[in-house]
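Coordinate analysis (summary)
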Amino acid sequence: MIAIIGAGLGGLMLARILQVNGVEAVVYEADASPAVRTQGGMLDIHEDSGQVALRAAGLYDDFLPLVLPGGEAMKVYDKHAVLRHADDGGSGRPEVHRKALRDLLIDSLPAGMIRWGSKVDLADDQLRLADGTVVGADLVVGADGAWSKVRSLVSDAVPQYAGISFAELDLLDPDVRHPESAELVGGGSMFALSDGRGLLAHREPDRLHVYAAFRATEHAPVTPEALAATFAGWDDALLRLVLDADGELIPRPIHALPIGHQWKPVPGVTLLGDAAHLMSPFAGEGANLALQDAAELAAVLVSGEPLDTYESALFARAEQSARESADNLEICFAPDAPTGLVNFFRGL
Ligand SMILES: Cc1cc2nc3c(=O)[nH]c(=O)nc-3n(C[C@H](O)[C@H](O)[C@H](O)COP(=O)(O)OP(=O)(O)OC[C@H]3O[C@@H](n4cnc5c(N)ncnc54)[C@H](O)[C@@H]3O)c2cc1C
């Protein structure tokens with residue numbers, strides 16, 4: 001029996017592929033239900049990782065109708081709202097809403113395979129549920145994200161603040177209520193970068209989903225007033241993306257595990273996804289890696305290969321992506337931004 005801790009994209013993908021292959025597994029998820037938290041944001045699902053996992057899960061055909069048409073488009077502005085780069089994408093990285101993808105995976109599993117409201121904690125070196133029950137299994141897989149409890153069974157590493165904070169916000173019903181902002185963002189993604197700050201926006205079917213990103217101390221207050229001050233001097237069209245927000249700002253300080261995070265094999269325990277290799281989102285790889293980890297771990301478990309075959313491949317690809325994320329973060333927040341990002345998209 002395999003115990004998967006966490007019903008994020010990685011844990012669910014592992015559960016699905018194991019179930020398809022007749023391997024017994026159960027998922028313990030802290031949230032009381034799938035609807036308890038918003039699962040915001042668009043994810044581009046890469047051909048060589050996320051899409052491979054979806055095929056292994058037998059869900060690729062069900063994934064295709066969830067793709068946002070035109071969602072691969074990209075616009076890059078500077079703080080004066082001068083368009084520095086635009087393309088229509090077409091790079092084989094279809095955009096899907098995280099909730100739609102998560103729901104697809106949840107609905108693919110038999111009822112009862114996910115134990116909702118089952119927060120796992122570490123006590124006396126054992127994983128236990130709130131009522132004290134020990135989570136016993138042949139293998140425990142920590143798919144419990146950035147602040148993984150399972151991680152400490154294999155590693156002392158702790159995520160460190162990356163020096164960048166996001167404020168997450170939404171502009172609802174944009175074609176009717178925020179038409180100029182809808183036009184500015186376009187049908188896919190938008191980056192506006194200058195002076196070590198950024199506005200990152202995605203078109204979603206019913207909203208513009210915006211991350212205001214800036215260098216700050218870890219617990220700096222995130223208020224509309226603080227954001228207006230942070231982006232003072234930026235073009236009004238860009239400022240509207242922040243000032244016209246509907247609803248609350250959600251602070252998201254960005255953390256990462258050390259680049260090259262590894263652990264020595266521990267019998268009966270392994271990790272996948274953010275639990276193994278939390279990184280800043282600037283390579284757009286975190287969710288894709290979680291899906292790929294799940295597919296590769298499932299393949300090893302089904303074939304009976306040793307676990308360290310999975311782990312050593314994970315260490316190598318995670319290190320490469322973590323380095324890329326850290327490099328991209330520097331490019332986005334460099335004094336001459338958005339020049340580095342424009343050159344990147346032009347292959348220079
Ligand atoms: C702002 C932002 C934008 C991003 N954009 C992208 C992008 O465009 N593309 C991309 O590929 N990646 C992106 N990422 C990264 C991506 O979101 C993560 O890498 C991905 O969600 C990791 O999946 P996971 O399954 O490992 O963990 P998670 O999705 O975090 O899931 C972990 C699950 O474990 C549960 N859990 C936690 N602790 C416990 C416990 N103790 N007991 C039981 N259950 C527990 C949680 O409730 C959760 O359901 C972004 C991240 C951020 C912050």
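Structural notes, computed from the coordinates. (Residues numbered from 1 in each chain as written. Predicted model: local features only at pLDDT ≥ 70, side-chain atom pairs only at ≥ 80, totals over all residues. Heavy atoms only, no water.)

So, on to the overall build of the protein. Regarding its fold elements, the protein presents 12 helices and 16 strands. On C-alpha atoms alone, the protein measures out to a radius of gyration of 20 Å, which is about the 20 Å that the 2.2 N^0.38 rule sets for 348 residues. Expressed as lengths along the three principal axes of its C-alpha atoms, the size of the protein is roughly 60 × 40 × 40 Å. Burial analysis of the protein (348 residues in total) assigns 51% to the buried set. Excluding contacts between residues fewer than 6 apart, the proportion of contacts in the protein whose partners are at least 24 apart in sequence is 74%. Of the roughly 15,200 Å² that the protein leaves accessible, carbon and sulfur atoms contribute 52%. Placing the 26 positive and 50 negative side-chain charges of the protein at their respective mean positions leaves the two points 2 Å apart. (Helix = DSSP H or I, 4+ residues; strand = E, 2+ residues; numbered from the N terminus. Rg over C-alpha atoms; globule rule 2.2 N^0.38 Å. Buried < 20%, exposed > 50% of the residue type's maximum accessible area, 1.4 Å probe, protein only. Contact = heavy atoms within 4.5 Å. Areas by Shrake-Rupley, 256 points an atom, 1.4 Å probe, with all protein chains shown as cover. Lys, Arg positive; Asp, Glu negative; His and termini not counted. Charge placed at Lys NZ, Arg CZ, Asp CG, Glu CD.)

In this section: the site of the ligand. Of all residues adjacent to the ligand, which total 33 residues, the nearest are Glu 29, Arg 98, Val 120, Asp 274 and Ala 287. One of the backbone N or O atoms of Leu 9 is found 3.3 Å from an oxygen atom in the ligand. The separation between an oxygen atom of the ligand and a polar main-chain atom of Gly 10 is 2.9 Å. Isolated, the ligand exposes 1,000 Å² of accessible area, and the fraction of that covered by the protein chains is 83%. Among the secondary structure elements, those contributing two or more residues to the shell around the ligand are α1 (9–20), β3 (42–44), α4 (98–107) and α10 (286–303). (Near = heavy atom within 4 Å. Polar contact = N/O pair within 3.5 Å; in protein donor to acceptor, adjacent residues only side chain to side chain.)

Now for the sheet that holds strand β4 (residues 74–77). If you walk across this open sheet you meet the 7 strands as β5-β4-β12-β13-β14-β11-β15, and the pairing is mixed. The sheet terminates laterally at β5 (83–87) and β15 (246–256), the two strands that pair on one side only. Direction aside, neighbouring strands of the sheet carry axes that sit 15° apart on average. By the bridge criterion, 4 bridges tie β4 to strand β12 (residues 189–194) in an arrangement that is parallel. When the sheet's bridge partners are listed, Val 76 is paired in β12 with Phe 191. Those strands touched by helix α8 (residues 236–243) are β11 (160–172), β12, β13 (197–204) and β14 (207–215), and its axis lies near 90° from that of β11. (Pairing = 2+ DSSP bridges. Axes fitted to C-alpha atoms, helices over the stretch in contact; angles between N-to-C directions.)

What follows deals with the nonpolar core. Core analysis: the largest hydrophobic core is formed by 58 residues, its most contacted members being Ile 4, Met 13, Leu 14, Leu 54 and Leu 101. Apart from the residues lying within four places of it in its own chain, the contact partners of Leu 54 are Met 13, Ile 45, Leu 59, Tyr 60, Phe 63, Leu 101 and Leu 104. (Core = buried A, V, L, I, M, F, W, Y, C linked by side-chain atoms within 4.5 Å.)

Between its first and last C-alpha atoms α10 spans 26 Å; for 18 residues at 1.5 Å apiece the expected length is 26 Å, and the two agree. When we look at burial in α10, the residues that qualify are Ala 287, Asn 288, Leu 289, Ala 290, Leu 291, Gln 292, Asp 293, Ala 294, Ala 295, Leu 297, Ala 298 and Val 300. At the C-terminal side of α10, Gly 304 shows a positive phi close to 85°. (Expected span 1.5 Å × (residues − 1).)

A separate point is the pattern of salt bridges. All told, the structure shown has 17 salt bridges when counted by the stated rule. Lys 99 is the partner of Asp 103 in a salt bridge, and the nearest nitrogen-oxygen pair spans 2.6 Å. Taken as a pair, Asp 103 and Lys 99 lie in helix α4 at a separation of 4 residues, close to a single helical turn. The class for Asp 103 is partly exposed, based on a relative accessible area of 24%. (Salt bridge = Lys/Arg side-chain N within 4 Å of Asp/Glu carboxyl O.)

Turning next to the sheet that holds strand β16 (residues 269–271). Reading across the sheet, the 5 strands line up as β7-β2-β1-β10-β16 and stay open at both edges, with parallel pairing between neighbours. Looking along the sheet, the strands with just one partner apiece sit at the ends: β7 (114–115) and β16. Pairing between strand β10 (residues 139–142) and β16: 3 bridges, direction parallel. In the strand pairing of β16, Val 141 is matched with Thr 270.

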